[in-house]
2 protein chains.
Amino acid sequence: MTIDPARSGTVVALSGGVGGTKLALGLSRVLPPGLLTIVANTGDDFEHLGFFISPDLDTLTYALAGVDNLQTGWGRRDETWSFMTALGEIGGETWFKLGDRDLAMHVERTRRLKSGEPLSAITADIARRLGIEVTLLPMTDNPVRTKVATPDGVLDFQDYFVRRQSIPVVTGFAFDGAAAAVPVPGFLAALKNPQLRAVVICPSNPFISIDPILAVPGVRAALAAVDVPVVAVSPIIAGRAVKGPTAKMMRELGLAVSAPAVAEYYRDIITGFMVHEEDADATAAFCVPVQATNILMRSLEDRERLARAVLEFADCLTVKPRRINVGGSVQ
Amino acid sequence: MTIDPARSGTVVALSGGVGGTKLALGLSRVLPPGLLTIVANTGDDFEHLGFFISPDLDTLTYALAGVDNLQTGWGRRDETWSFMTALGEIGGETWFKLGDRDLAMHVERTRRLKSGEPLSAITADIARRLGIEVTLLPMTDNPVRTKVATPDGVLDFQDYFVRRQSIPVVTGFAFDGAAAAVPVPGFLAALKNPQLRAVVICPSNPFISIDPILAVPGVRAALAAVDVPVVAVSPIIAGRAVKGPTAKMMRELGLAVSAPAVAEYYRDIITGFMVHEEDADATAAFCVPVQATNILMRSLEDRERLARAVLEFADCLTVKPRRINVGGSVQ
C-alpha cells in the first residue's frame, strides 16, 4: 500500500492537556499551516482567585507558541513564582500554582470575558499574537464543568485533580453545563469540511479530557457523520498510563487497564487505534483496526514522528471499503 | 522649654503615597507599638485589569512591612516583572506597572472585597500577616475617586497621573463618592481618643493626597474638635516639590509655589507647620507657628529624625494657651 505523508486535506485533533498536547504539537509541525484545527477540552476550566482558568487551552497555547515549560509539561517556560510567594505571605490560596507569566493569560482572558468577548475569539486572538498558525478552538464558548463523583460526594474537577491529587476513588463523572452547550462554530465546520483528511483523538484521558468534548451536543453526531478516519492514540501503554490518573480511573470504574479497553471505550466513534509496540501482540483483542508503533513522546522528534505515523495510519484507513473518498468516487 | 520625646499618647498621621509614607514610617519607628494610627488616602484607588488597586495603602503597607522598593519608593522590594512582560505579549494593557509580588496584593484584596469584606478589615488582616504593628486604616471603606479637571475635560486620577504623567494643566479636583462616604470607625475613634498626643499631616500632596481624606464627611469636624496639635510637614522645599506634581499643581491653581502657601492652604486645620531649613527665613510669612529643620528624608535615619522633630514640635505646641490638657486642667 502506498501512503503519501504529505497528502493535503485538513485534520481535526481533539485534545486535553499535557498528553494530548504532545501529539497536537507534533501534528502542528508536520502539517502545512492552515490545515490543522485543534479542539481543546474546557471541562477542566474553573474560576480561582477571581480568574477564569482554562488549563487545557493554556497548555496547548503555550506548547504551540513554543513558550511551554518542557520540564512540567504545563505552564510557561522561564517562569517565575514571585506572585505565588507573595500571595502565600498575605494568606492567599496557593494550592493551585500560578506562575507570574502564566498569570498574564488568566488576567487578560478574564478581563476580556467579562467585557463580553467569547472564549473562542479571545483564544484565537491570543494565539495569533503568540504566532500560532494552527486553529485552536475551545470545544464550546459555554461553561462546562467536569464533576468527579466519589464515595465522599461530587467534587469539582480541580479540587479532585490538583488539591486532592486524584486520590479519591472515582465512581463516575458529570459535565455540568454540557447539555446546554453549543460547539464553537469552527469545530463543527471543521468536521464538515469537504477537505477533511482525518480526525485524531490525542492520547488524553478518555473520561476527563475527551468525554467532555463528546458531551457537547452535536459533537458525537458530527463525528459519526464524517467520512474520513477517526483515529485515537492510546493513553495507556502496557497497562499503565503515561501520565495522570487514567489507569487509576479505569480500574476504579471497573474497566480493564489496557489499550484494548480504551479502544473499546471509544468504539462508537473511532475507526482506528494506535497503540504502543509493547501492546502489539494484543491486537487481536481490539475492536477496530490497530497500528502499533512507539507512541511514547519524549522529544520533539517523537511528537513529529508519531504525528506522521498517525496521519499515515489514517490515510491507510481511508481506503477501507466503507469509506467514501473526498473526491466522490465510491469504493 | 523641656520636651520629652518619649512622651506617651497616641498619634494619628494622615498620609498619601511615597512622600507621606516616609514620615509615616519614621513615626512608626520612633513611637512605641500601638500608639500610631496611619490613615491613608484612597482617592487614588482605581480598578484596572479587573483588580481593585489602592496605591497609597500599598505604598504604606509595603514600607511599614519593610518590603518596599527603596529605589522607586513604590512597589515591592526584589520585584520581578514576568507578568507585565507576558501581558504585553498577548496584547494586554501595560501602562500601569504591576510587579509580580505586588500583584498578589491586588489579587487577594480584590477577591476579599468581592466576597464582601470591607477594605479596612482586609487592610488590617494583611498588615497583621506582614508583621505591621501600627494601625493602618483606609480613610473610608466606601469608594472615593479623585478626578482631575483639565481644559480637555475631567480625567480619572490614574489616567492623569500615570498614563498622562501629570502633563495636562490642572484646573481643579473632585472626589467622587466622598460626600456619601463614611470614615472608617477607627479613624474618628483615633481622633477622639483621650490619649491623643498629636495629629500629623505627612508631607503629601495637599490636593490629591490630603484633601480626599478631608473630604470624607466628619473628618474636618473631628480634626477641628481635637484639643491637641495638628502639625503638617511641608511637601514644598524652597519653592520646589520634593517629588511629584505638587509644585506644578500649585502653579496651575494660581497659588504661590512656596511652603507658606501650603500652610495657608491648611490654615483651617493645622496648628503648626514644619518647613525645611531653606525656608526658615520666610517664617514671618506663615499663618501658623512654624519650625524649620531638615525635612528632606533620604535615609531611614532621616525619617526617624524628622518623626522625632515633628513630635517634639507638636509637644511644644501643646502648651499653647488655647489648648486644653488631656488631664482636664484648663490653660
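Residues numbered from 1 in each chain as written. Chains lettered and ligands numbered in written order. Predicted model: local features only at pLDDT ≥ 70, side-chain atom pairs only at ≥ 80, totals over all residues. Heavy atoms only, no water.

### Considering the overall build of chain A
Line of reasoning, step 1. Helices and strands together make up the secondary structure of chain A, namely twelve helices and 14 strands.
Line of reasoning, step 2. Taking 331 residues into account, the globule formula puts the C-alpha radius of gyration at 20 Å, and chain A, at 19 Å, falls close to it.
Line of reasoning, step 3. Overall, chain A is about 65 × 40 × 40 Å in size when its C-alpha atoms are taken along their principal axes.
Line of reasoning, step 4. For chain A, the residues scored as buried account for 56% of the 331 residues in total. (Helix = DSSP H or I, 4+ residues; strand = E, 2+ residues; numbered from the N terminus. Rg over C-alpha atoms; globule rule 2.2 N^0.38 Å. Buried < 20%, exposed > 50% of the residue type's maximum accessible area, 1.4 Å probe, protein only.)

### Considering the interface of chain A and chain B
Line of reasoning, step 1. Taken together, the contact pairs 25 residues of chain A with 25 residues of chain B.
Line of reasoning, step 2. Together, the buried faces of chain A and chain B total about 2,300 Å²; carbon and sulfur atoms form 65% of this surface.
Line of reasoning, step 3. Between A:Arg76 and B:Glu89 there is a salt bridge, with its nearest N and O atoms 3.3 Å apart.
Line of reasoning, step 4. Between the two partners, chain A and chain B, sit four residue pairs in polar contact (both at pLDDT 80 or more).
Line of reasoning, step 5. Elements with a minimum of two residues in the side of chain A that touches chain B: helix 3 (82-89), helix 4 (100-114) and helix 5 (119-129) of chain A.
Line of reasoning, step 6. With nine residues, the single largest contributor to the side of chain A that touches chain B is helix 4 of chain A.
Line of reasoning, step 7. Residue classes in the side of chain A that touches chain B are distributed as twelve nonpolar, five polar and eight charged. (Contact = heavy atoms within 4.5 Å. Buried area = accessible area lost by both parts, 1.4 Å probe. Salt bridge = Lys/Arg side-chain N within 4 Å of Asp/Glu carboxyl O. Polar contact = N/O pair within 3.5 Å; in protein donor to acceptor, adjacent residues only side chain to side chain. Nonpolar A, V, L, I, M, F, W, Y, C, P; charged D, E, K, R; others polar.)

### As for the relation of the copies chain A and chain B
Line of reasoning, step 1. Each copy superposes on the other: chain A lies on chain B with an RMSD of 0.0 Å after a rotation of 180° and an axial shift of 0.0 Å. What we have between these two chains is a two-fold relation. No C-alpha of chain A lies nearer the rotation axis than that of A:Asp100, which sits 3.0 Å from it.
Line of reasoning, step 2. A shared interface surface links the copies, since 100% of the contact residues of chain A are contact residues in chain B too. (Least-squares fit on C-alpha atoms with pLDDT ≥ 70 in both.)

### A look at the sheet that holds strand 1 (residues 10-15) of chain A
Residues and elements named next belong to chain A.
Line of reasoning, step 1. Strand order in the open sheet made by the seven strands is 5-2-1-9-10-13-14, with parallel pairing throughout. Two strands bound the open sheet, and with one partner strand each, they are strand 5 (135-138) and strand 14 (290-293). Shown here is a sheet whose adjacent strand axes are inclined to one another by a mean of 20°, direction ignored.
Line of reasoning, step 2. With five bridges joining them, strand 1 and strand 9 (residues 196-201) adopt parallel strand pairing. Bridge pairing in strand 9 links alanine 13 to valine 200.
Line of reasoning, step 3. Packed on one face of the sheet, helix 8 (residues 206-214) meets strand 1, strand 2 (36-40) and strand 9 and runs near 125° to strand 1. (Pairing = 2+ DSSP bridges. Axes fitted to C-alpha atoms, helices over the stretch in contact; angles between N-to-C directions.)

### Some thoughts on helix 2 (residues 55-65) of chain B
All names here are of chain B.
Line of reasoning, step 1. Helix 2 sits mainly inside the fold: eleven of its eleven residues count as buried.
Line of reasoning, step 2. Along helix 2, the positions that sit buried rather than exposed are Pro55, Asp56, Leu57, Asp58, Thr59, Leu60, Thr61, Tyr62, Ala63, Leu64 and Ala65.
Line of reasoning, step 3. Phi for glycine 66, located one or two positions after helix 2, is positive at around 75°.

### Some thoughts on the pairing of strand 2 of chain A
Residue and element names in this part refer to chain A.
Line of reasoning, step 1. Buried residues dominate strand 2, accounting for five of its five residues.
Line of reasoning, step 2. The alternating pattern of strand 2 places Leu36, Ile38 and Ala40 on one face and Thr37 and Val39 on the opposite face, and all of these are buried.
Line of reasoning, step 3. As paired elements, strand 1 and strand 2 share five bridges and run parallel to each other. When the bridges of strand 2 are listed, alanine 13 appears paired with isoleucine 38.

### Remarks on the environment of B:Leu306
All names here are of chain B.
Line of reasoning, step 1. Following the sequence through the fold, leucine 306 ends up in helix 12 (residues 300-318).
Line of reasoning, step 2. A residue is classified by how much of its surface remains accessible, and leucine 306, at 0% relative accessible area, is buried.
Line of reasoning, step 3. Between the alpha carbons of leucine 306 and arginine 111 there is a distance of 38 Å; along the sequence they are 195 residues apart.
Line of reasoning, step 4. With residues up to four places along the chain from it excluded, the contact list for leucine 306 reads Leu23, Val233, Met274, Thr293, Asn294, Ile295 and Met297.

### A closer look at the nonpolar core
Line of reasoning, step 1. With 50 residues, the main nonpolar core has B:Leu14, B:Phe187, B:Ile201, B:Tyr266, B:Ile270 and B:Phe273 as its most contacted residues.
Line of reasoning, step 2. The leading source of residues in this core is helix 8 (residues 206-214) of chain B, at five residues.
Line of reasoning, step 3. Once residues within four sequence positions are removed from consideration, B:Tyr266 is found in contact with B:Ile201, B:Ser204, B:Pro206, B:Ile210, B:Ala232 and B:Phe273.
Line of reasoning, step 4. Counting 49 residues, the second-largest nonpolar core is a separate cluster that includes A:Val12, A:Met139, A:Ile213 and A:Leu223. (Core = buried A, V, L, I, M, F, W, Y, C linked by side-chain atoms within 4.5 Å.)

### A look at the sheet that holds strand 10 (residues 230-233) of chain B
All names here are of chain B.
Line of reasoning, step 1. What the seven strands build is an open sheet, ordered 5-2-1-9-10-13-14; its pairing is parallel. Edge strands, defined here as strands with exactly one partner in the open sheet, are strand 5 (135-138) and strand 14 (290-293). Here the average twist between neighbouring strands, direction ignored, is 20°.
Line of reasoning, step 2. The pairing of strand 9 (residues 196-201) with strand 10 spans three bridges and is classified as parallel. Each residue of the ladder has a partner; that of valine 200, found in strand 10, is valine 231.
Line of reasoning, step 3. Sheet contacts for helix 8: strand 1 (10-15), strand 2 (36-40) and strand 9; angle to strand 1, the most-contacted strand, approximately 125°.

### Brief notes about the environment of A:Ala180
Line of reasoning, step 1. Take A:Ala180: it is sitting in the loop between strand 8 (172-176) and helix 7 (185-192).
Line of reasoning, step 2. It is 41 Å that separates the C-alpha atoms of A:Ala180 and A:Glu277, two residues lying 97 residues apart in sequence.

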